Amino acid sequence: MSGDLNVSEQAVLDDFPGLRSGADPNPPIHQYGRIRIAVVPEGGGPLRNGLAPDAPPEDLTETERLGLDALRLRDSQVFRTAKENRPRQGEPWDMTGCTGVAAVGEADAGADSLAFAAAPTSSYLEGTVAVGIVIVQGPTAALRFSDAEVLKVVAEVQNGLGYFATTNPIAGISFAYDIQNVTLATPADPANADLEGLWRNPAMGAIGYSADWSGVTAYVEDLRTRFGTRWTYCGFFTKYPLGHFAYASIGGPRIVMDYNNDGWGPDNIDRVFAHETGHIFGCPDEYAVSGCNCGGSWGRYGTTNGNCENCAAGGGVACLMKGNTFTLCGYTPAHLGWSPQLLVRNYGASAGGWQVGRHPLVLADTTADGRADIVGFGDAGVYLSRAQADGRFEVPHLAVNNFGYVAGGWRVEKHPRFLADTTGDGRADIVGFGEAGVYVSRAQADGTFDALRLVVDNFGYVAGGWRVENHPRFLADTTGDGRADIVGFGNAGVYVSRAQADGSYDALRLVVDNFGYVAGGWRVEKHPRFVVDLTGDGRADILGFGEAGAYVSLAQPDGSYGPVTLAVANFGYVAGGWRVERHPRLLADTTGDGLPDIVGFGEAGAYVSRNLGGGAFEAPGLVDTHFGYANTAGGWRIERHPRFVADVTGGGKADIVGFGEAGVYVARA
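Conventions used here
Sequence order as written defines the numbering, with residues in each chain counted from 1. Given that this is a predicted model, residues contribute local features only at a pLDDT of at least 70 and side-chain atom pairs are listed and counted only at 80 or more, while totals for whole chains, interfaces and linings are drawn from all residues. Based on all heavy atoms of the structure, the side-chain values leave hydrogens and waters out of the count. Criterion used throughout: strands pair if DSSP finds at least two bridges between them. A run of DSSP states H or I qualifies as a helix once it reaches four residues; a run of E qualifies as a strand once it reaches two. Both are numbered from the N-terminal end. In this description, a line fitted to the C-alpha atoms serves as the axis of each element, helices being fitted only across the stretch in contact, and the angle between N-to-C directions of two axes falls anywhere from 0 to 180 degrees. When two cysteine sulfur atoms are found within 2.5 Å, that pair is recorded as a disulfide. Note on exposure labels: buried denotes an accessible area under 20% of the residue type's maximum, exposed denotes more than 50%, and partly exposed covers the range between, all computed with a 1.4 Å probe on protein chains only. Residues adjacent in sequence count toward polar contacts only when both atoms are side-chain atoms; beyond that, a polar contact is any pair of N or O atoms within 3.5 Å, and within protein one must be able to donate a hydrogen and the other to accept it. Contacts are assigned to residue pairs with any non-hydrogen atoms lying within 4.5 Å of each other. Take the residue count of a helix, subtract one, and multiply by 1.5 Å to get its expected span. Every case where a carboxyl oxygen of Asp or Glu lies within 4 Å of a side-chain nitrogen of Lys or Arg is listed as a salt bridge. Arc, as used here, means the arc of the directions from the helix axis to the C-beta atoms. Two rings belonging to Phe, Tyr or Trp (six-membered ring only in the last case) form a pair when the distance between their centres is within 6.5 Å. Interplanar angles under 30 degrees mark stacking, angles over 60 mark edge-to-face geometry, and anything in between is tilted.

**With respect to the sheet that holds strand β26 (residues 585–588)**
So, step 1. Here we have 4 strands laid out as an open sheet, ordered β26-β27-β28-β31, and antiparallel in their pairing. Pairing within the sheet leaves two strands with one partner each, and these edge strands are β26 and β31 (621–624). Across the sheet, the mean angle separating the axes of adjacent strands is 35° when strand polarity is ignored.
So, step 2. Looking at chain direction, β26 and strand β27 (residues 597–601) are connected through 4 bridges and run antiparallel. Across the sheet, residue Ala588 finds its bridge partner in β27, namely Asp597.

Here it is as structure tokens:
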């Protein structure tokens, strides 16, 4: 593994003049001249033209050598041990005002800066990015960098920016580097009114640019032109006195860092630099002493700062913009501008002719690899596209010639179909509620499915008189044994038939006299209901979206259910004005804490109400301005565009997956 990013990386020597990220099967995430560093595919062998770590070419430039040596350092046990023992791991940042430090002369540069910056330098973090690393040394021992410290800077930046590139591989993020190592004769002056300009201006002059703020803009624009990248910025590292040990300009073009990194130490340069890079691409601070609030309009999509420690429920969740962690909250991807990506040109209304009224689409892990696969019930049967380690999906193939509109005569208006693990082996099986009851086709270890079999002669259109328009049915583990039970919302309330160790199911029993068509007056056309573990105890609880909001009944150890309580006064028919025919609502873990959050696709996009534990939820916040009903949010329609929230990368946090006109779009958590 390279550093602490949980991926393996390898360097390749490539004489191609420019970035290959659009066509290379293993696109680089870092480029230093001819040295390209790419992620080694999971389960794959060494990359073609890969360099042996102990035999570097002899004709490398200084930048190429530093980039290669930085990877070797990150691959070392010394580096990994340092990361395992980071100072102040998980603590909130304490960098007061790290986005409020304006450079002297920045405002006055005005027209000169605009002349150099013909386009924004860093609007959102997708595609190729030029990065200038400028190490500024002084005339005394206290202001100088050793060779080991110079290499440390390059390795830490490589590790920090690699986090972004590997967290969202489908964004095609690739960093191209220029490294400047400047030694000045300028003495330190802690009383100088312009602590940054004291050393920055002569440093810019030393590398051939105007010795003022305009020189910074000219430098980063020159990098963008030279490397042919979409975006550009630079980072200054120095030991000269600074007013703040790390700071950045929102939207670019520069970061400034003290090598010693205040009380965080050089072993945290990677995370501090990544945090400041978040500012470069539009992210706000989320830690308390920054003075943040939960409002504002941040980043590419103008998203609020809903994870601000000062106002988010429980102080918010772990996030790189809030503290010393390689984790992103639900708001930061939108601030970074990570947009949905088209990954499969099929399963769409236009791409493949899939129709909501005929062809259910679901996401489920059919192979037990931790990644959700795409499963579609088409005319000829069940089609499957397995999720790949790089975030993409394989081409659809027919997995079962049943459960389809033609193959088996299954109908959306009569026969619900699901994917759920009914045996406890970690693989999702196909479950269909047919005429005569419940049928199952179990996933096999080799990726196939066995023949369908009738497991319960109830919950069916004929067997029991269950109707799609009156009686929702689900598969969920209500006992914590790892096997999905059958749960049906009937006239009198909630019925359960528990999965047995031998693959059979016991007789159905009434467990809650509410949430039913008669018991409580719940209606399919107004009140979505779900069965999911809300508390982390392994037992699936009941959550229903009623008139006044979301109601919860928690599963008890003895198999019964607790009282029905109002968990959040929103997402309801009256409370919030949510409509089944316009606004899908789902439950999925968007934070990686093991508890499912409420995700609603409203008019303006995707809203999340974070699970606080014990059946409680925080107020909802807008996290993505896509996938919504309004035309400004994509114009997504229930009758054409199914949407889901599932972890398709194995990263532990649920991503948004939408089946649009052109195919399948994914927005990473």
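**So, the sheet that holds strand β32 (residues 643–646)**
So, step 1. With respect to topology, 4 strands assemble into an open sheet ordered β9-β34-β33-β32, the strand pairing being antiparallel. Across the chains shown, the open sheet's two edge strands, defined by having one partner strand only, are β9 (341–344) and β32. Geometrically, the sheet is characterised by an average inter-axis angle of 30° between neighbouring strands, direction not taken into account.

**Some details on unusual backbone geometry**
So, step 1. Backbone torsion omega between Gly252 and Pro253 reads 15°, so that peptide bond is classified as cis.
So, step 2. Mapped onto the elements, Pro253 comes out in the loop between β7 (246–248) and β8 (254–258).
So, step 3. In this model, Asn6 sits at a positive phi of 60°, which is unusual for a non-glycine residue.
So, step 4. You can see Asn6 is positioned in the segment before β1 (9–13).
So, step 5. Of note, Phe571 is a non-glycine position whose phi angle comes to about 65°, a positive value.
So, step 6. Tracing the chain through its elements places Phe571 in the loop between β25 (565–568) and β26.

**Quick look at the state of the cysteines**
So, step 1. Within the structure shown, the criterion is met by 2 disulfides.
So, step 2. Each disulfide pairs two cysteine sulfurs, and for Cys292 the partner residue is Cys308, the sulfurs being separated by 2.1 Å. The S-S bond linking Cys292 to Cys308 shows a torsion near 85°; that makes this disulfide right-handed. Taken as a pair, Cys292 in the loop between α7 (269–280) and α8 (332–336) and Cys308 in the loop between α7 and α8 lie far apart in primary sequence, 16 residues in all.

**Brief notes about the side chain of Thr325**
So, step 1. Along the polypeptide, Thr325 turns up in the loop between α7 and α8.
So, step 2. For Thr325, a relative accessible area of 12% puts it in the buried group.
So, step 3. A polar contact of 3.0 Å, which involves the side chain of Thr325, links it to the side chain of Thr327.
So, step 4. Those residues in contact with Thr325, other than ones at most four positions away along the chain, are Arg271, Ala318, Cys319 and Leu320.

**Notes on α7**
So, step 1. Look at α7: 16 Å from first C-alpha to last across 12 residues, which is about the 16 Å you get at 1.5 Å a residue.
So, step 2. The buried fraction of α7 amounts to 12 of the 12 residues, a majority that puts the element mostly inside the structure.
So, step 3. Gly282 sits one or two positions beyond α7 and adopts a positive phi of about 100°.

**Structural notes on the pattern of salt bridges**
So, step 1. Scanning the entire structure with this criterion turns up 34 salt bridges.
So, step 2. Glu156 is paired through a salt bridge with Lys83; the nearest N and O atoms lie 2.8 Å apart. Residue Glu156 is found in helix α4 (residues 147–167), and its partner Lys83 is found in helix α2 (residues 77–84); the two are separated by 73 residues along the sequence.
So, step 3. We classify Glu156 as buried; its relative accessible area is 0%.
So, step 4. Linking Arg300 and Glu126 is a salt bridge whose minimum nitrogen-to-oxygen distance equals 3.3 Å. Of the two residues, Arg300 sits in the loop between α7 and α8 while Glu126 sits in the loop between α3 (106–116) and β4 (128–137), which places them 174 residues apart along the sequence.
So, step 5. Residue classification places Arg300 among the partly exposed positions, given a relative accessible area of 32%.
So, step 6. Residues joined by salt bridges that share partners form a network here, namely Asp4, Lys83, Arg86, Lys152, Glu156, Asp267 and Asp270.

**As for the environment of Asn26**
So, step 1. Tracing the backbone through its elements, the reader meets Asn26 in the loop between β1 and β2 (28–32).
So, step 2. On the accessibility criterion, Asn26 (27% relative accessible area) is partly exposed.
So, step 3. In sequence terms Asn26 and Val456 are 430 residues apart; their C-alpha atoms lie 48 Å from each other.
So, step 4. Those residues in contact with Asn26 that lie beyond four places of it in its chain are Ala38, Val39, Pro41 and Leu47.

**Observations concerning α2**
So, step 1. For α2, every residue scored as buried is listed here: Phe79, Ala82 and Lys83. The arc that holds every buried residue of α2, seen down its axis, measures 100°, which confines them to one face. Counted as exposed and oriented over 90 degrees from the buried face of α2: Val78 and Glu84.
So, step 2. Buried-residue contacts for α2 involve α1 (62–74), α4 and α7.

**A closer look at the environment of Leu47**
So, step 1. Mapped onto the elements, Leu47 comes out in the loop between β3 (35–39) and α1.
So, step 2. Note: C-alpha distance between Leu47 and Ala669 (622 residues apart in sequence) is 29 Å.
So, step 3. Beyond its immediate chain neighbours, meaning those up to four positions away, Leu47 contacts Gln10, Val12, Asn26, Ala38, Val39, Val40 and Pro41.

**Quick notes on the packing of aromatic side chains**
Aromatic rings considered in pairs are described by the distance between their centres and by the relative angle of their planes.
So, step 1. In total, this model carries 34 aromatic pairs according to the counting rule given.
So, step 2. Relative to Phe326, the ring of Tyr163 has its centre 4.5 Å away and its plane inclined at 10°; by these criteria the two rings are stacked. Of this pair, Tyr163 sits in helix α4 while Phe326 is found in the loop between α7 and α8, placing the two residues 163 residues apart along the sequence. Grouping residues by exposure puts Tyr163 and Phe326 together as buried.
So, step 3. Ring plane angle 25° and centroid distance 6.3 Å describe the contact between Tyr233 and Phe273, whose orientation is recorded as stacked. Note that Tyr233 is positioned in strand β6 (residues 231–238) and Phe273 in helix α7, a separation of 40 residues in sequence.

Structural measurements only, silent on function.
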